[in-house]
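Residues per chain are reported as follows:
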Amino acid sequence: MLNFFQYYLYKNFNASVRTDLTITSSYLIGVTVSYFLTRRFVFNLKDIYGNWIMYGKFLITNSLNYFLPLIIWYFIEYNIQEYSQTFFNIVNFLIANIIFPIKFLIYKYLIFKN
C-alpha cells in the first residue's frame, strides 16, 4: 500500500510532502479497517459501523502506536547515539507488548463498552 501511495497516487506531489501523505494515508486506512474488524471479530458487535465518536476514540487510541514509539526513541537516541540491532528489536518488542494490552483495555472499557 505504501508503494502505491508513494509512487502512483501521490507521484505529482513534492517528495517531502509525498512521504508524509503516504504514511498518514496508510495509517488512516489501516486504522479504519482495524476499527471494523475489531468491532466485528473481537467484540462480536452486530453493527460493525458504530458512530463517529466511537471511531474518533478508536483513532486517538491507535495513535499510541504512532506517537509513543517516536517519543521513546527520541529519548533513547538522545542518550544512546549508537545501539545494536538486537537492542533496537528488544525495545520495539517491549513497546509493542506494553501498548497492546493498554489499547485492548481502552477498547473494552472506554470505546466498545456494551
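Now for a quick tour of the structure. The written sequence of each chain sets the order in which its residues are numbered from 1. Where totals are concerned, whole chains, interfaces and linings use all residues; where local detail is concerned, this predicted model gives features only for residues with pLDDT of at least 70, and gives and counts side-chain atom pairs only at 80 or more. Water and hydrogen atoms play no part in the side-chain values, which are based on all heavy atoms of the structure.

Helix numbering and strand numbering both begin at the N terminus, where a helix is a DSSP run of H or I of at least 4 residues and a strand a DSSP run of E of at least 2. Across its full length, the protein carries five helices and zero strands. Listing every helix and strand of the protein by position from the N terminus yields α-α-α-α-α. The C-alpha atoms of the protein give 17 Å as radius of gyration, which overshoots the globular expectation for 114 residues (13 Å, by more than 25%). For every residue, the accessible area obtained with a 1.4 Å probe (protein chains only) is divided by the maximum for its type, and the residue is called buried under 20%, exposed over 50%, and partly exposed between those limits. The proportion of buried residues among the 114 residues of the protein is 25%. By the convention used here, residues are in contact when the closest approach between their heavy atoms is within 4.5 Å. Sequence separation of 24 or more characterises 53% of the internal contacts of the protein that already satisfy a separation of 6 or more. All accessibility values rest on the Shrake-Rupley procedure with a 1.4 Å probe; residue burial counts only the protein chains present in the view. Of the roughly 8600 Å² of accessible surface on the protein, a fraction of 67% belongs to carbon and sulfur atoms. Mean positive and mean negative side-chain charge positions of the protein (9 and 4 charges, respectively) differ by 20 Å. Each radius of gyration reported is based on C-alpha atoms, and the globular scaling rule is 2.2 Å times the count of residues to the power 0.38. In summary, the charge assignment counts Lys and Arg as positive and Asp and Glu as negative, without counting His or the chain termini. To locate a charge, take atom NZ for lysine, CZ for arginine, CG for aspartate or CD for glutamate.

Taken N-terminus to C-terminus, the directions of helix 3 (residues 52-62) and helix 5 (residues 85-111) make an angle of 160 degrees; their axes are 10 Å apart at the nearest point. Judged on the interaxial angle alone, helix 5 and helix 3 are roughly antiparallel. The crossing of helix 3 and helix 5 is right-handed. Of the residues in helix 5, those touching helix 3 at Met54, Lys57, Phe58, Thr61 and Asn62 are Lys103, Ile106, Tyr107, Leu110 and Ile111. Every angle, taken between N-to-C directions, lies between 0 and 180 degrees, and every axis is a line fitted to C-alpha atoms, over only the stretch in contact when it is a helix. By the definition adopted for this analysis, an angle is roughly parallel if under 35 degrees, roughly antiparallel if over 145, roughly perpendicular if from 65 to 115, and oblique otherwise. Take the far helix as your reference; a near helix turned counterclockwise from it by less than a right angle gives a left-handed crossing, and one turned clockwise gives a right-handed crossing.

Secondary-structure assignment places Tyr107 in helix 5. In the structure, Tyr107 is positioned 46 residues away from Thr61 in sequence and 8.1 Å away in space, judged by C-alpha atoms. Polar contacts, as counted here, are pairs of nitrogen or oxygen atoms within 3.5 Å of one another; within protein the pair requires one atom able to donate a hydrogen and one able to accept it, and residues that are adjacent in sequence qualify only if both atoms are side-chain atoms. A polar contact is formed between the side chain of Tyr107 and the side chain of Asn62, at a distance of 2.9 Å.

Time to look at the packing of aromatic side chains. Think of it this way: a Phe, Tyr or Trp ring, Trp meaning its six-membered ring, pairs with another when their centres are within 6.5 Å, and the plane angle makes it stacked under 30 degrees, edge-to-face over 60, tilted otherwise. Applying the stated criterion to the full structure yields 23 aromatic pairs. For the pair Tyr74 and Tyr78, a centre-to-centre distance of 6.4 Å together with 25 degrees between the ring planes defines the contact as stacked. Of the two residues, Tyr74 and Tyr78 are both situated in helix 4 (residues 64-79); the distance of four residues between them amounts to about one turn of the helix. As far as burial versus exposure is concerned, Tyr74 and Tyr78 are alike and both exposed. Within the aromatic cluster, the residues linked to one another by ring pairs are Tyr35, Phe36, Phe43, Tyr49, Trp52, Tyr55, Phe58, Phe104, Tyr107 and Phe112. Its guanidinium or amino end placed over the ring of Phe41, Arg40 lies 5.5 Å from that ring's centre, counting from NZ or CZ. A positively charged side chain is recorded as over a ring if its NZ (Lys) or CZ (Arg) lies within 6 Å of the ring centre. The angle to the ring normal must also be within 35 degrees.

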